[in-house]
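A structural walkthrough
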Amino acid sequence: MDRASFFAPKRSLGQNFLSDPNICRRIVASLELAPGDPVLEIGPGRGALTRILAGHDGPVMALEKDSELVSWIKAEFPAVGVVHADGLDFCWEGTRRLPGLSLIGNLPYNVASPMIWEMVSRCRSFRSMLFMVQKEVALRLTAKEGSRTYGALSAWVGNFVRGEYVFTVPPHVFRPQPKVDSAIVRFLPRPDPAWEDAAALSWTVKILFQQRRKQLGTILKAHWSEAVETWCGELGVDRRVRPEELSPDALRSLARVLDPKNE
Ligand code: SAM
């Protein structure tokens, strides 16, 4: 048994470690790294994916919150640049210093959604992202408007990246085994990310999807204005529409109309 196997998994850090080398190879291959591409792994853990990434012909970095694992990863993979940090409050904007960066991670399931929320909107020069999350979250991340799984997260993510559901991963490839299926999602940058509208968009999708079964006119009663009426007319939207029927682009243009700085 190697030293990494002695680290007891910490539930609070979502530590479900991959134990199947074939799945690990398939995950890393799905990132389609080209020689020279810089890559950052989020949550390397006991190094299941790091071991494969370490053979990549290009800069490899890893960001880990667990200090015990940070020390172990540094000793085990000296060529990997390890950052001891929390992905939830990391300065993702700083990744612009690494143009063409690819991000990969078997993300801690308890914080995967808020972490992805931050990463897609703050990483401004990435090439691609590939994450493992709970299957249910993967479906939400890649859902289209009008579907049952479409919500605030889908609308937000869809305004910054193009998402794709890559494949499903069963529980038996992890130690300890999670109770649910997992899935791989891939994100590529959108040519027109909503950086300028991010603050208003965040507020808009959160307000609207808190009441997703209500009609737009009811939710926005206090904010209904001539400008909103014009927006409805231009997009052919009825005030009885429900938020889940509005595309990411439609929500972005509504956010602009509702943004007090555009009044
Ligand atoms: N990559 C390894 C694997 O596939 O076996 C570990 C994946 S495990 C699901 C999630 C990893 O993320 C753990 O190493 C955990 O310590 C780390 N982690 C948890 N919360 C984190 C956070 N907020 N920021 C950075 N890393 C975190």
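Just so you know, these numbers come straight off a predicted model, no measurement behind them. (Residues numbered from 1 in each chain as written. Predicted model: local features only at pLDDT ≥ 70, side-chain atom pairs only at ≥ 80, totals over all residues.)

**What about the nonpolar core?**
Filter applied, for reference: The nonpolar core criterion groups buried Ala, Val, Leu, Ile, Met, Phe, Trp, Tyr and Cys residues into a set whenever they are joined through C-beta atoms within 7 Å. Between the buried cut of 20 or more and the exposed cut of 12 or fewer other C-beta atoms within 10 Å of a residue's own C-beta lies the partly exposed class, and all C-beta atoms are placed from the backbone. Elements are defined by DSSP. Helices are runs of H or I of four residues or more, strands are runs of E of two residues or more, and each kind is numbered from the N terminus.
Judged by nonpolar contacts, the single largest core of 64 residues is most densely connected at Leu103 and Val133. Here this core takes six residues from strand 6 (residues 126–134), the largest share from any one element.

**Let's talk about unusual backbone geometry**
In this model, Arg175 is joined to Pro176 through a cis peptide bond whose omega is -15 degrees. Summarising the element assignment, Pro176 is placed in the loop between strand 8 (174–175) and strand 9 (182–189). Phi is positive for Glu32, close to 50 degrees, though the residue is something other than glycine. Along the chain, the position of Glu32 falls in the loop between helix 1 (21–30) and strand 2 (39–42). We classify Glu32 as exposed; it has 12 C-beta atoms within 10 Å.

**Considerations on the environment of Arg242**
What counts, and what does not: A residue pair is marked as a contact if its C-beta atoms, positioned from the backbone, fall within 7 Å.
Inspection of the secondary structure assignment puts Arg242 in the loop between helix 9 (226–235) and helix 10 (248–258). Ignoring sequence-local partners within four residues, the contact set of Arg242 consists of Arg212, Arg213, Lys214 and Gln215.

**Focus on the UniProt feature "binding site: S-adenosyl-L-methionine" (unreviewed entry) in the chain**
Our working definition: UniProt positions are given in the numbering used here, feature names are shortened, and annotations may be inferred rather than shown by experiment.
Sequence positions flagged by UniProt for "binding site: S-adenosyl-L-methionine" (unreviewed entry) are, in local numbering, Asn16, Leu18, Gly43, Glu64, Asp86 and Asn106. Classification of Gly43 by C-beta neighbours within 10 Å gives buried; the count is 26. Not counting chain neighbours up to four residues away, the residues in contact with Gly43 comprise Glu64, Gly105, Asn106, Leu107 and Pro108. Turning to its location among the elements, Glu64 is positioned in strand 3 (residues 60–64). Assessed through the 25 C-beta atoms surrounding it within 10 Å, Glu64 is described here as buried. Excluding its chain neighbours within four sequence positions, the residues that come into contact with Glu64 are Gly43, Pro44, Leu69, Val70, Ile73, Val82 and His84.

**Focus: the site of the ligand**
As a reminder, the rule being used: Should the C-beta atom of a residue, placed from the backbone, lie within 6 Å of a molecule or strand, that residue is near it. Under the scheme applied, nonpolar residues are Ala, Val, Leu, Ile, Met, Phe, Trp, Tyr, Cys and Pro; charged residues are Asp, Glu, Lys and Arg; polar residues are all the others, including Gly.
Neighbouring the ligand are 24 residues; Gly43, Gly45, Gly87, Asn106 and Pro108 lie closest to it. Mapped onto the shell around the ligand, the elements with two or more residues apiece are strand 1 (17–18) and strand 3. Here the shell around the ligand is composed, by residue class, of 12 nonpolar, seven polar and five charged.

**Some points on the packing of helix 7 (residues 198–210) against helix 10**
For clarity, the cut-off: To get an axis, fit a line to the C-alpha atoms, keeping to the stretch in contact for a helix; angles then go from 0 to 180 degrees between the N-to-C directions. For classification purposes, an angle smaller than 35 degrees is called roughly parallel, one larger than 145 roughly antiparallel, one from 65 to 115 roughly perpendicular, and anything else oblique.
Two elements in contact, helix 7 and helix 10, have axes whose closest approach is 8 Å; the angle formed by their N-to-C orientations is 105 degrees. As judged from the angle between their axes, helix 7 and helix 10 are roughly perpendicular. Seen from helix 7, the contacting residues are Ala200, Leu201, Thr204 and Val205; seen from helix 10, they are Leu251, Arg252, Leu254, Ala255, Arg256 and Leu258. Per-class residue counts for the contact of helix 7 with helix 10 are seven nonpolar, one polar and two charged.

**Points about the UniProt feature "domain: Ribosomal RNA adenine methylase transferase N-terminal" (unreviewed entry) in the chain**
Under the feature "domain: Ribosomal RNA adenine methylase transferase N-terminal" (unreviewed entry), the UniProt entry names residues 23–191. Taken end to end, residues 23–191 comprises 27% helix and 28% strand; its first and last C-alpha atoms sit 31 Å apart.

**Some details on the environment of Asn22**
Examined against the element boundaries, Asn22 turns out to sit in helix 1. Considered as a pair, Asn22 and Gly217 are 195 residues apart in the sequence and their alpha carbons are 51 Å apart.

**Overview of the sheet that holds strand 9**
Hydrogen bonding along the main chain pairs the strands of a sheet, whether they run parallel or antiparallel. In plain terms, the rule: At least two bridges found by DSSP between two strands are what make those strands a pair.
Read from one edge of the open sheet, seven strands run 4-3-2-5-6-9-7, paired in mixed fashion. Two strands lie at the open edges of the sheet, namely strand 4 (81–84) and strand 7 (161–169), each paired on one side alone. Here the average twist between neighbouring strands, direction ignored, is 20 degrees. Pairing of strand 3 with strand 4, which is carried by four bridges, proceeds in the parallel orientation. When the bridges of strand 4 are listed, Leu63 appears paired with Val83. Its contacts with the sheet put helix 1 on strand 6, strand 7 and strand 9, and the angle it makes with strand 9 is roughly 15 degrees. Packing against the sheet, helix 3 (residues 67–76) makes contact with strand 3 and strand 4, and its axis sits at approximately 170 degrees to strand 4.

**Observations regarding the pairing of strand 5 (residues 101–106)**
To be explicit about the condition: Orienting the strands away from the viewer, one traces the path from the first strand over the helix to the second; a clockwise path indicates a right-handed crossover.
Taken across its six residues, strand 5 has six buried, putting it largely inside the fold. Two elements, strand 2 and strand 5, share three bridges in a ladder whose sense is parallel. Bridging across to strand 5, Leu40 finds its partner in Leu103. Bridge count between strand 5 and strand 6: six bridges; the pairing is parallel. When the sheet's bridge partners are listed, Ile104 is paired in strand 6 with Leu130. After leaving strand 5, the chain enters helix 4 (residues 112–122) and then returns to the sheet as strand 6, a path that is right-handed.

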